[in-house]
Each structure stands twice: as structure tokens, then as C-alpha cells.
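Residue-level structure breakdown
Here is what each chain is made of, one letter per residue.
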Amino acid sequence: MSEFVKLDVKVFDKFIKKFSERYISERAETQVNLDSLDSSQLDDCGFNVEKLKQVIRKNAVAVDLKREQGLTPAILNDIYRSDLGELLMTYYFEEKIGEDKRFIIPLKNISSRELAQLPGRSLDAIGYRIDKGLFNILLGEAKVSEQKKTPPDVVHLTDDSIYKSQKKHHEDLPMVIQKLSDYCRKLGAEDFVTFACAVLYMETGQTDKYSLTFGCALIRDYTCCNGSDFGKMQTNVSEFDPNDVHFVVLSFTQKTISETVDLFYKEVQKTVR
């Protein structure tokens, strides 16, 4: 069943700290369990595992040179704005919805940026849950918008809007299979088996064995969130049958998006230093 949800997000010190720490943790995530390392070789160099963790944490986080020079960053190219949107989306689908509806998102885009200076491409989140033997795969798209109009253009007007991106995924199953296959390569054994089964069912057309959830997250603030922002994802929801749409609008209160991103950036930089 498709769902359209609006939640207010109170922006205060604990919120900024919580998601800054979460961001740093995901950015610094490694395939190797650092705590299980034999640190004797590092000891020979005069270092230890804790020092290695500090170096990774510091260098995994991008520095915004414009901000550091006291200039206003180009908001559309702001990595922290994009990443905060993805961070909130994964948090919502993993922890904020009912336990029976939550998804496991084993690999976060934030953890695997190939270029620290650029936002990631493709799907913003890929997850799964198993409902009575049925594999349910989450295809997630996140957008952040302060545009005053409702819905903002990023919902269904721009070329990379939520609606147009998700329509492509709905209409082009081979593309979805390709993305999920590439995703599988980066997973641990348990998660790999789940996704591999789903991919094989898609490849062989066994539609009774899997389903898709088109997950959408739109980050807004109180200065512009004054109506329904779901756009064509809601009015044209039947276009995504027989799969589901789960669209959440997360509306900041107390602070605007720009103010929140600035606080988020400063807290991340302060923490890693």
C-alpha cells in the first residue's frame, strides 16, 4: 500500500550533533573491521588503531573551501546539503517507520563516494525487507528544496526530479537489475544473498517473488512547506502499480534548510578536528 507522509523535524543542538556523528560514522566506514586488526605493525610505526581511525575520520570528510574562506557556498553544488538529505532519508526508512515496514540499507551512498567533492549519482538509497518470503526492494530518491512553490520543481518538473527518476526505474527493469547487480558486488555475504535472490527473480520474471517500493524523501523548511508537496508521485500513483510508493516530506522547523546545513557543516568540521 502506498503511503504519503509529512513529518516536522525540529532542528536543535541534539539534532545537529546526532546527525553530524552519524554522517562522520558513515563517511569513515571501512570494509575492514578496524577493531579486529592486529595492531602490531602499526605499533612498529609508532601509531595505533585509534590514531588510524582519527586519520580516516578526518580525511573522509570533505572541506568546503568557499565556506572556509568566508564565502557563501554555491548551494546547488553543496555536498553537505545533498548528503544531509540522503542521511535523513536512510534514517527514516531504517528507523522511523513501523518495525514491520522498515528496510535494511546495508550500504550507504555516503560511505562510498568516489569523489568527496561531488554528490553521488544514481539511486540515493537501496534497501530490502522480507515480507512472508517476498523480497521487497527499496529504491530511494531524496531531494532538498527551499523553493517557495508547492510542489517544488524537484518533485516532478526537472529532468532529475523524483517523479521522472522513479518512472524510469518503474519502466526500465533491466536498468534496475543492472544497478542492483552492481550494488551486490559491494555487500557482505548475508545481504548479498538477499539481493542476489531478488535480482534473479527479476531476471527470470518471477513477479510473485519480489516487489519494489519507490521510496521518496523531500526535505523542506517552514518558510515554504505550506501544502501538499507530493505532486505527481501522489496524483499519478497508479502509474507505479503493482508496486508501492512511500513518499515522506521532512519539514524543518526552528531553522531553515540553509541555516541547518551551515550548522551541520560546522559541527562535522568541529568534531573531526
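Calculation notes
- Residues numbered from 1 in each chain as written.
- Predicted model: local features only at pLDDT ≥ 70, side-chain atom pairs only at ≥ 80, totals over all residues.
- Heavy atoms only, no water.
- Helix = DSSP H or I, 4+ residues; strand = E, 2+ residues; numbered from the N terminus.
- Buried < 20%, exposed > 50% of the residue type's maximum accessible area, 1.4 Å probe, protein only.
- Contact = heavy atoms within 4.5 Å.
- Areas by Shrake-Rupley, 256 points an atom, 1.4 Å probe, with all protein chains shown as cover.
- Pairing = 2+ DSSP bridges.
- Axes fitted to C-alpha atoms, helices over the stretch in contact; angles between N-to-C directions.
- Phe/Tyr/Trp six-rings, centres within 6.5 Å; stacked < 30°, edge-to-face > 60°.

Quick notes on the overall build of the protein chain
Looking only at helices and strands, the protein chain has 11 helices and 5 strands in total. Taking all 273 residues of the protein chain together, the buried fraction comes to 47%. Expressed as a percentage of contacts within the protein chain between residues at least 6 apart in sequence, the contacts between residues at least 24 apart total 74%. Split by element, the accessible area of the protein chain, about 14400 Å² in all, is 51% carbon and sulfur.

A word on the sheet that holds strand β3 (residues 134-144)
Strand order in the open sheet formed by 5 strands is β1-β5-β4-β3-β2, and the pairing between neighbours is mixed. Looking along the sheet, the strands with just one partner apiece sit at the ends: β1 (3-10) and β2 (125-131). Along the sheet, successive strands turn relative to each other by an average axial angle of 20°, direction set aside. The pairing of β2 with β3 spans 7 bridges and is classified as antiparallel. Within β3, the residue paired with Ile130 across the bridge is Phe135.

Description of the packing of aromatic side chains
Evaluation of the coordinates by the stated rule reveals 16 aromatic pairs. Both rings, one in Tyr23 and one in Phe264, keep their centres 5.3 Å apart while their planes meet at 70°; by these two values the pair is edge-to-face. In this pair, Tyr23 is assigned in helix α1 (residues 13-27) and Phe264 in helix α11 (residues 257-272), connecting sequence segments 241 residues apart. Each of the two residues, Tyr23 as well as Phe264, counts as buried. Ring plane angle 80° and centroid distance 5.1 Å describe the contact between Tyr92 and Phe93, whose orientation is recorded as edge-to-face. Just as Tyr92 is buried, Phe93 falls in that class too.

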